[in-house]
Structures are given as C-alpha cells and as structure tokens.
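Coordinate inspection notes
Okay, here's what each chain looks like letter by letter:
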Amino acid sequence: METESEPYVRLATLRQLHHVMADMNAARSLADTLQTVADGVVNGLGYELACVNLVRPDGDLVVAAFSGNSAAEALITGRVGSRAAWDRRLTMGERWGELCFIPHTEGWILDEDDVPQWFTDGPPPRFEDEWHPSDRLFAPMFATGAAGGELIGVISVDRPRNGRIPGAWGREALQMYAFQAAIAISNARLRANMQRALVRLEREQQALRASEESFRQAFEYAPSGMAIAELGGDDRGRILRTNDALCRLLGRPASAMRRYSFSDLVHPEDIGTLLRTSAEGGRAELRLGRRDGTYVWVSLRNSVVADAADGPRFLLTHVEDIEERKRRELHLAHRASHDSLTGLPNSAELRSRLSARLCRRPQEQLPSAVDSLDAAYGDPIGHDFDYGPAALHRTGHAAGGLYEGFDHHVHVAAPGGDETTDDGTKGLAVLFCDLDGFKSINDRFGHNAGDAVLIEVARRLTSGVRDGDTVARLGGDEFVVLADGLGRADAQDLAVRLRNAIIPPIRVDGRAVRVGASFGIGWAHCGMTAEEVLQSADQRMYVEKRSRAKQHRRAG
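Reference entry: report on the structure contained in this document. Here the structure is a predicted model, which is why all the values come from computation and not from measurement. (Residues numbered from 1 in each chain as written. Predicted model: local features only at pLDDT ≥ 70, side-chain atom pairs only at ≥ 80, totals over all residues. Heavy atoms only, no water.)

As a further point, take the overall build of the protein. From N to C terminus, the protein includes 18 helices and 18 strands. Within the protein, the fraction of its 556 residues that count as buried is 41%. Counting only contacts in the protein whose residues sit at least 6 apart along the sequence, the fraction spanning at least 24 positions is 59%. (Helix = DSSP H or I, 4+ residues; strand = E, 2+ residues; numbered from the N terminus. Buried < 20%, exposed > 50% of the residue type's maximum accessible area, 1.4 Å probe, protein only. Contact = heavy atoms within 4.5 Å.)

Structure representation (structure tokens):
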C-alpha cells in the first residue's frame, strides 16, 4: 500500500540505484561484477537476501554470487541447479512483466527440486500484501536485455525490508535493475574473453617467437646443409637463405647462393631427377656444383613451410653430403660389373650392355624410316590410330608388331651378304678374342706371369679401340670387343689391328713372352639374344683358329 512519502522513497531509491549501477559497471572482473549485482539488490533495492544464478556453458545455472547472509552464502554458493528445473520455475506463478513471482501457495511443490535454495522462518502473513517466508521472486537476465534474448542468469530475491510484496514501483525497479545487470554481466564477460584472448595471443606470440628462434638456431647451426627457396611466383625455386653448412659444402658464400636456384647448381645429367622431385616430402640423390667446378653427391629432402596462416609458402630443403657413400656404392657397383684383374667389364656387364642394344623384333621385320613415321602418326592408308584386332586384320601384324607406336630404340641390323662382300651397311660388330699360347705361359712361368700377360693384353686391346667401344673379359684368356657403326671391312681391319697389337713381346719378370690371338667376328641384330650373339662370334673364332692352324701345318 502506497503512502504519502512514496515520492521521497522513490527518489532515495533512484539515488541508491544510481550508485549501485555505477559500482556494477566499474567492477574489474566478472566475479566482481556478479558480487556487485548481488550487493546492489540488497543495498539499493531494499531486499535482505539476493542471489545471482549464472548460466553455465552446459545450460545449467550455478550460484555465482550471494549477498545478505554469510551462512546462506556458504551453504549454496557454487551449487548448480538444472536448466529444466529453472525453466519450470520461470513458467510458474504470476508474471510481473519479465519478473516471475511464485507465491507460497504454489511454491511448496518446488521444495524438492535440485535448484539451490534457502529457507527463512517467519510468521504467516497477516495482510494480503505481506511477504511470506516461502514466497519466491525471480528476475531473469537476458543477453540483449529483453525477454527474447538468450538467458544468461536469474536474480533471486527474498525478504523485502518493508515486509510487503513489491508494488508497481518496486517491481519496475527490480526489472530495470535486472536489465542493467544483464548488460554489466555481458560486458564483464566480453572483457574477460578479451583479456583471455589477449593473454592467449601474447602466449602464442611468445611461443611463435621462441619457435622462430629455435628454427633459426636449428637452421643456422645444423651440421648438414639447409636452404629456403621460393615456392611460387616469378622467382620460383630461387634460393632465399642458406646455412653455413651448405655454403661450406658448395664453397660458395651466402650472398652468392641467393643468386641461384638448385636447377642452376645441379649436374646437367641430374636435372631430370631434380624436376621429378616433388615439393612436399620429395627426396632425391643428385650432384650439385661447387665453386671450383667439381660436383658433390648430395641427398635432398623437401618440405613446404607456410610463413603465416594465409601468407606465402616456402620450400625448405635439407641437403646431406653423401659423397663418401656414393663413392663406396660406385666402387661396389664397379667391382660387381668389372673384372678384378684387368679392370675391364666382366661377363655380366658385357651381356647387360649387349642386351640393352637389342630388342626382340626380328631383323627381317625392322621398319624403314617411313614405316616408323607411319606407325607414329597413323596408318598411311586410313590415318587411323586403331591398332587393335581390326588393325591386325588390315595389316597382318599384331599390335606391338611392325606398326606399334614409334619408339626411340635404335634398331640394330647386321650387314648383308657373306664375309667376302661388304654392302656398306653399318652394324654392331662383336669380336671374340681367344689368346693363342697363353696356357703354356701359365704352365711354364706360373699364374703371376699369366696375370701380367692378361693385364697387358687388356691394355693393348683398350688402346686399340675407339672411345665408346667396349672391351670386356669373359674369363680365362677370352676377351670380347663391341664396336658399333662398322661395316664388314671395318670389322676385319679392326681384328687385324688388334691382333697385331697383341703379338709384340710382353716383358714379364725380366723375360719376353709372346701370345697370339684368334678373332671371330659376329654381328648383333635385333631379334637375337646376347647369348646367341656371343655364341655366333665364338663359333667364328674357332673356325678362324682351325683355319690358321691348317695354314701353319701347310706352311710347315
């Protein structure tokens, strides 16, 4: 019931509200703001008890601040009520604008729910508007300040100091206070989030600076070479930065390295390997050029590094010196493919080189230059690229036969005619050499003398052929020469020259010994295997050896 002094009370309340709202907005933290909200209800609105229930991220409400009774504060602060129980409360009782009043006649059913609450003793009401100890009054707080916004908390009040149920002015004051409290709490949360974000950003920046410093030290002082290069743009591949280890490895200063890309430094034979190496996780073994013009074997490992979230990307390349390992590998490969006594290619290497020159296509089916072009660009009649069953029916050759796609294999053909004629065709000559008289040297003077003879014969054979020709030792006293681009007369002349180079005396342990040589000339052509080619040359060598023996007998 209103009195004559109510205007004065309203003015005093407004002054109190002004002070508590100023304190509420001046709080430095979210916890201080929540406590100021609870204290403001007691100090500015004339209630003996006030509680601020704050919505948690999971939707439940926790008692975040309490004011008016230290015992009750210790009892319920920090306790949680379920969202379902609160939603039930906020839909019960009487609606005073956005406030919810549940009189004691209805609220008894809430005594057993899980919302934290306190109980106050007092006599039953004597008047209709007198406050009952079991009455409940809630002021919801919404994020936008209006009921349509997201619920952020609820202010619970109890025991008005005048003992009366709030009238129109008291209700309006509490509702206005809840509105301002919601704004203050939202602002406090925003400030808290900003402070946390700033702290997190500062930590991330510190971690980034520490990471960059760690990377710089790891990069600069790494025992193996490292480089950073452009990954895109016009300067793709250009080296931006190198460490000391890479500069020492290549004998180039860092300032000079920035003028190059790896494609400028790689050995010409390894440029294809570099281009096939992927940027992300790519690995390659190749040679890089030193400042003195020599090359060093290295192992490259690539990874892509982003400068920032959306910034440019760079290529980080780890360069490891593998010169010693490559030298050992090459040495082992050379030992596996070369004769240990003479240093010439051995039987396996000879067969490998010979097989690399041959294909399975018979010589009589070798296409002419015109046929090869027709096969590359289509059937000369229909210019049709169908080389399936229909093409087989048309041409009489299976796909993969005469008209398979043009390849880059240089087919090997043998000169035509017999041994006494030369039709001018150039082919791959295979000269099979067997030493005459070598066994007697081995038997008379021992294996050391025989080894010395073999070494000297290997040297003379190598000296008598062209660069690019192959001289190999099959084993024992048998040698083979592969000489490409010879006609029949050329091959016979070469055999004579090599025989004449072998005949001169060889000095072994202070004595002069002689060996002769029998040569058989075979011709390799596509359609033959390496074994067939060697067998053909071997047979011709024995024919020549028997023929020369008969000539010696007739001459004697």
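Structure shown, so let's carry the discussion forward.
The next point concerns the pattern of salt bridges. Tallied over the full model, the rule gives 31 salt bridges. Glutamate 213 is the partner of arginine 216 in a salt bridge, and the nearest nitrogen-oxygen pair spans 2.8 Å. Of the two residues, arginine 216 and glutamate 213 both sit in helix 6 (residues 168–220), three residues apart, roughly one turn of that helix. Using a relative accessible area of 31% as the deciding quantity, one classes arginine 216 as partly exposed. Accessibility expressed as a relative area gives 32% for glutamate 213, which makes it partly exposed. The residue arginine 460 makes a salt bridge to glutamate 456 at a minimum N-O spacing of 2.9 Å. One end of the pair is arginine 460 and the other is glutamate 456, both in helix 16 (residues 447–463) and four residues apart, which spans about a single turn. Residue class for glutamate 456 comes out buried when judged on its relative accessible area of 18%. One network of salt bridges, with partners in common, ties together Glu285, Arg325, Lys326 and Glu329. (Salt bridge = Lys/Arg side-chain N within 4 Å of Asp/Glu carboxyl O.)

What follows deals with helix 6. When the terminal C-alpha atoms of helix 6 are compared, their 77 Å separation across 53 residues agrees well with the 78 Å that a helix rising 1.5 Å per residue should span. Buried residues of helix 6: Ala173, Leu174, Tyr177, Ala178, Ala181, Ala182, Ala184, Ile185, Ala188, Ala192, Phe219 and Glu220, and no others. (Expected span 1.5 Å × (residues − 1).)

The end-to-end C-alpha separation of helix 2 (residues 30–44) is 20 Å, in line with the 21 Å expected for 15 residues at 1.5 Å each. Those residues of helix 2 that sit buried are Thr33, Leu34, Thr36, Val37, Ala38, Gly40, Val41, Val42 and Gly44. At the C-terminal side of helix 2, glycine 46 shows a positive phi close to 85°.

Attention now moves to the side chain of arginine 136. Assignment of secondary structure puts arginine 136 in strand 6 (residues 136–142). Engagement of the side chain of arginine 136 in a polar contact is seen with the side chain of glutamine 117, the distance being 2.8 Å. Separated by 3.5 Å, the side chain of arginine 136 and the backbone oxygen of serine 134 make a polar contact. Beyond its immediate sequence surroundings of up to four residues, arginine 136 is in contact with Arg89, Cys100, Phe101, Ile102, Gly107, Trp108, Leu110, Asp111 and Gln117. (Polar contact = N/O pair within 3.5 Å; in protein donor to acceptor, adjacent residues only side chain to side chain.)

What follows is about the sheet that holds strand 6. Reading across the sheet, the seven strands line up as 3-2-1-7-6-5-4 and stay open at both edges, with antiparallel pairing between neighbours. Each edge of the open sheet is held by one strand with a lone partner, namely strand 3 (80–81) and strand 4 (94–96). Across seven bridges, strand 1 (residues 47–55) lies against strand 7 (residues 151–160) in antiparallel orientation. Residue pairing in the sheet places leucine 54 in a bridge with glycine 153 of strand 7. The sheet contacts of helix 6 involve strand 1, strand 4, strand 5 (99–102), strand 6 and strand 7, and relative to strand 6 the element is tilted by about 40°. (Pairing = 2+ DSSP bridges. Axes fitted to C-alpha atoms, helices over the stretch in contact; angles between N-to-C directions.)

In this section: the environment of valine 471. Within the fold, valine 471 resides in strand 14 (residues 470–475). The class for valine 471 is buried, based on a relative accessible area of 5%. For the pair valine 471 and valine 481, spaced 10 residues apart in sequence, the C-alpha to C-alpha distance is 4.6 Å.

This brings us to the packing of aromatic side chains. Inspection of every chain in the model, using the stated rule, returns five aromatic pairs. Considering the side-chain rings of tryptophan 86 and phenylalanine 138, the 5.4 Å spacing of their centres and the 75° angle between planes classify their relative orientation as edge-to-face. Residue tryptophan 86 is found in helix 4 (residues 83–90), and its partner phenylalanine 138 is found in strand 6; the two are separated by 52 residues along the sequence. Ring centres of tryptophan 96 and phenylalanine 101 lie 4.6 Å apart, and the angle between their planes is 15°; on these two criteria the pair is classed as stacked. Considered together, tryptophan 96 and phenylalanine 101 belong to a single accessibility category, that of buried residues. Within the aromatic cluster, the residues linked to one another by ring pairs are Trp96, Phe101 and Trp131. Taking NZ or CZ as reference, arginine 252 lies 5.1 Å from the ring centre of tyrosine 260, over its face. Looking at lysine 326, its charged tip hangs above the ring of tryptophan 297, at a distance of 4.5 Å from the centre. (Phe/Tyr/Trp six-rings, centres within 6.5 Å; stacked < 30°, edge-to-face > 60°. Lys NZ or Arg CZ within 6 Å of the ring centre and 35° of its normal.)

It is worth spelling out the sheet that holds strand 8 (residues 225–230) at this point. Strand order in the open sheet made by the five strands is 9-8-12-11-10, with antiparallel pairing throughout. Each having just a single partner strand, strand 9 (239–242) and strand 10 (283–289) make up the two edges of the open sheet. Each strand axis lies, on average, 35° off the axis of its neighbour in the sheet, ignoring direction. When strand 8 meets strand 12 (residues 313–321), the two strands line up antiparallel, connected through six bridges. The residue bridging glutamate 230 from the neighbouring strand is phenylalanine 314, located in strand 12. The strands touched by helix 6 within the sheet are strand 8, strand 9 and strand 12, with strand 8 carrying the most contacts at an inclination of about 120°. On the sheet, helix 11 (residues 323–337) packs against strand 10, strand 11 (295–306) and strand 12 and is oriented at approximately 125° with respect to strand 11.

Looking now at the packing of helix 2 against helix 6. Running from N to C, helix 2 and helix 6 cross one another at 170°; their axes reach a closest spacing of 9 Å. Taken together, the axis directions place helix 2 and helix 6 in an arrangement best described as roughly antiparallel. Once helix 2 is placed against helix 6, the crossing between them reads as right-handed. Residues Leu30, Thr33, Leu34, Thr36, Val37, Gly40 and Val41 of helix 2 touch helix 6, and the partners they reach there are Tyr177, Ala181, Ala184, Ile185, Ala188, Arg189 and Arg191. Across the contact of helix 2 with helix 6, the residue classes break down as nine nonpolar, three polar and two charged. (Parallel < 35°, antiparallel > 145°, perpendicular 65-115°, else oblique. Left-handed = near helix turned anticlockwise from the far one by under 90°. Nonpolar A, V, L, I, M, F, W, Y, C, P; charged D, E, K, R; others polar.)

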